[in-house]
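So you can see what is in the structure, the chains are spelled out below.
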Amino acid sequence: MIPAASRGPAAGAADPGANPRLAVEYHHTDPATVLTDDDVLAVFGFGQDAPVADDPRFLRVSLQPHGPAPLEVWRTAGPVRRGRAGGIAWADGGGLQFGAIEIGEVGPEGLEGAAEQAYRQLLGFVAGHGHPHLLRIWNYLDAITLGEDDAERYRRFCVGRAAGLGEFDTRGLPAATAIGRRDGDRRLQVYWLAGIRPGTPLENPRQLSAYRYPRRYGPQPPSFARAMLPPDGSDMPLLLSGTAAIVGHESRHVDSLETQLDETLANFEALIGAARVHRPCLPPGFGPGSRLKVYVRDADALGPADALLRQRLGDGVPYLLLHAAVCRRELRIEIDGTHDAPR
């Protein structure tokens, strides 16, 4: 069950009175260079050529980038502790926690069982290590749209995730992304950002809340909020869930990458507008303070997608372009990320 309030930090945890700080950066460097800094909470490398580092704060994600990929670096108020426990790699500092778990799909329960196990373990870990409030989760799994009707893998993942979450208040759901890898590795990879203090989940006025999707999308609606406003008084960006060309609950423009991108950006405009009601200092659109990950379904569409993004966003918005499958077969592009004023 997602806790309604903090149970208090474990011994040695970050000061619960601290104002959390999170900066997301993209750097073309090697992990060893940034992992020496005591304020680094997590580092991510993407693709088959991503480096390897024996540090709990480093996570390799096998989504293939378009062109040379930077490292994604999370910084917080140091110093940062780190370790491994029960199959979970973790780091914490400044009121925030990074965690990652990978569960193989084994036995008849397969992906559904892996998702249930991963979420039961992560919920127990965040509650037991003083950071009980989930702010943001990423889920990467192979062949996300394989299977028909309720046997589709994404639908089975949603069932397993909900079982792992248990009885929860949908008003406390974190922001999230679920994206399909294309590596043939039947292993669920989940990583998260959690805090000592809760954020405020946001919904998009142009979209039906995902947890209220009708039965046609599967036996269990997806369990996530469209975005997460960080805790009051924090120095953190708006955390944006994976967003695509869905209006209401229906996919739009199934035959066009360009119009799907435009619909996706319209969804972000509405979502940022909803966030600015609570935080007027947020810029109304993406800019130098934003960090985006763009997931494109078809390999031959990566180049055109890159050109379209440059046209729509200009040169001032940093983004990472990745070859990945979106959770609906008709969707060609999805975007997630963070949004803030330039620092």
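Counting restarts for each chain: residues are numbered from 1 in the order of the written sequence. A pLDDT threshold of at least 70 governs which residues receive local features in this predicted model, and a stricter bar of 80 or more applies before side-chain atom pairs are shown or counted, although totals over entire chains, interfaces and linings include all residues. Side-chain numbers come from the whole structure's heavy atoms, not from hydrogens or water.

1. Topic: helix α2 (residues 110–128)
1) Next: Each helix is a run of H or I in the DSSP string that is no shorter than four residues. Each strand is a run of E no shorter than two, and both are numbered from the N terminus. Take the residue count of a helix, subtract one, and multiply by 1.5 Å to get its expected span. Over its 19 residues, α2 runs 27 Å from end to end, which matches the ideal 27 Å to within 8%, given 1.5 Å per residue.
2) Next: The set of residues buried in α2 consists of G110, L111, G113, A114, A115, A118, Y119, L122, L123, F125, V126 and A127.
3) Next: The contact criterion used throughout is that any non-hydrogen atoms of two residues lie within 4.5 Å. Among the structural elements, β6 (81–85), β7 (88–93), β8 (96–104), β9 (133–142), α3 (153–165) and β11 (187–195) are those in contact with the buried residues of α2. The classification of residues rests on relative accessible area computed with a 1.4 Å probe and restricted to protein chains. Under 20% of the type maximum is buried, over 50% is exposed, and intermediate values are partly exposed.

2. Remarks on the sheet that holds strand β17 (residues 291–296)
Through backbone hydrogen bonds, the strands of a sheet pair up, either in parallel or in antiparallel fashion.
1) Next: Pairing between strands is defined by DSSP: at least two bridges between them are needed. Here seven strands make up an open sheet; going across it, the order is β4-β18-β17-β19-β14-β13-β12 and the pairing mixed. With partners counted over all chains shown, the strands left at the sheet margins are β4 (64–65) and β12 (200–202), one partner each.
2) Next: Sheet topology places strand β14 (residues 238–243) next to strand β19 (residues 333–339); four bridges connect them, and they run antiparallel. When the sheet's bridge partners are listed, L239 is paired in β19 with T338.
3) Next: Between N-to-C directions, angles span 0 to 180 degrees; the directions come from axes that are lines fitted to C-alpha atoms, helices contributing only their stretch in contact. Running over the sheet, helix α4 (residues 257–278) touches β12, β13 (227–229), β14 and β19 and is turned about 30° from β19.
4) Next: Helix-sheet contacts for helix α5 (residues 302–313) involve β17, β18 (319–323) and β19, and the interaxial angle to β18 is about 155°.

3. Observations concerning the pattern of salt bridges
1) Next: When a carboxyl oxygen of Asp or Glu lies within 4 Å of a side-chain nitrogen of Lys or Arg, that pair is called a salt bridge. Under the criterion given, the structure shown has 26 salt bridges.
2) Next: Taking the shortest distance from any N to any O, the salt bridge between R155 and E152 comes out at 3.9 Å.
3) Next: Residue D185 pairs with R187 through a salt bridge whose shortest N-O separation is 2.7 Å.
4) Next: In this structure, a network of salt bridges that share partners links the residues E25, D37, D39 and R75.

4. Here we look at the sheet that holds β11
1) Next: With mixed pairing, the six strands of this open sheet are ordered in space as β6-β7-β8-β11-β9-β10. Looking at strand neighbours, the two that pair on one side only are β6 and β10 (175–181), the edges of this open sheet. Taking each pair of neighbouring strands and ignoring which way they run, the sheet shows an average axis angle of 15°.
2) Next: For β7 and β8, the ladder comprises six bridges, and the chain directions are antiparallel. Bridge pairing in β8 places W90 opposite G99.

5. A word on the environment of V40
1) Next: Looking at where V40 falls in the secondary structure, it is placed in strand β2 (residues 40–46).
2) Next: Sequence separation of V40 and A23 is 17 residues, and the distance between their C-alpha atoms is 9.5 Å.
3) Next: Beyond its immediate sequence surroundings of up to four residues, V40 is in contact with V34, L35, R57, V73, W74, R75 and V80.

6. Side note on the nonpolar core
1) Next: Here, the term nonpolar core denotes a set of buried Ala, Val, Leu, Ile, Met, Phe, Trp, Tyr and Cys residues that are joined through side-chain atoms within 4.5 Å. Residues L134, F157, L188, V190 and W192 are the most contacted members of the largest nonpolar core, which totals 40 residues.
2) Next: For this core, the secondary structure elements donating two or more residues are β7, β8, α2, β9, α3, β10 and β11.
3) Next: It is α2 that contributes the most residues to this core, nine residues altogether.
4) Next: Those residues in contact with V190 that sit more than four places away from it in its chain are G99, A100, I101, A118, Y119, L122, I137, W138 and N139.
5) Next: L59, W74, W138 and A324 belong to the second-largest nonpolar core, a separate cluster that totals 30 residues.

7. Let's talk about the packing of aromatic side chains
Aromatic ring pairs are reported here in terms of the distance separating the ring centres and the angle at which the planes meet.
1) Next: In this analysis, rings of Phe, Tyr and Trp, with Trp reduced to its six-membered ring, are considered paired at centre separations within 6.5 Å, and the interplanar angle assigns stacked below 30 degrees, edge-to-face beyond 60, and tilted for intermediate values. Per the counting criterion, the structure on display carries 13 aromatic pairs.
2) Next: Centre to centre, the rings of F44 and Y191 are 4.7 Å apart; their planes meet at 35°, and the pair counts as tilted. Placement of F44 in strand β2 and of Y191 in strand β11 is noted, with a sequence separation of 147 residues between them.
3) Next: Exposure remark for F44: the relative accessible area of 0% places this residue in the buried category.
4) Next: The class of Y191 is buried, set by a relative accessible area of 0%.

8. A few points about unusual backbone geometry
1) Next: Here D149, not a glycine, exhibits a phi torsion of approximately 50°, which is positive.
2) Next: Tracing the backbone shows D149 in the loop between β9 and α3.
3) Next: A relative accessible area of 60% means that D149 is categorised as exposed.
4) Next: Phi angles above zero are rare outside glycine, and H253 is one such case at about 60°.
5) Next: One can find H253 in the loop between β16 (250–251) and α4.
6) Next: For H253, a relative accessible area of 31% translates into the label partly exposed.

9. A word on the pairing of β9
1) Next: Most of β9 is tucked away, with 10 of its 10 residues classed as buried.
2) Next: By the bridge criterion, seven bridges tie β9 to β11 in an arrangement that is antiparallel. Each residue of the ladder has a partner; that of I137, found in β11, is W192.
3) Next: Relative to β10, β9 runs parallel, the two sharing seven bridges. Counted as the bridge partner of I137 is A176 from β10.
4) Next: A crossover counts as right-handed when, viewed with the strands pointing away from the observer, the path leading from the first strand over the helix to the second turns clockwise. At this point the chain moves from β9, through α3, to the parallel β10, and the crossover so formed is right-handed.

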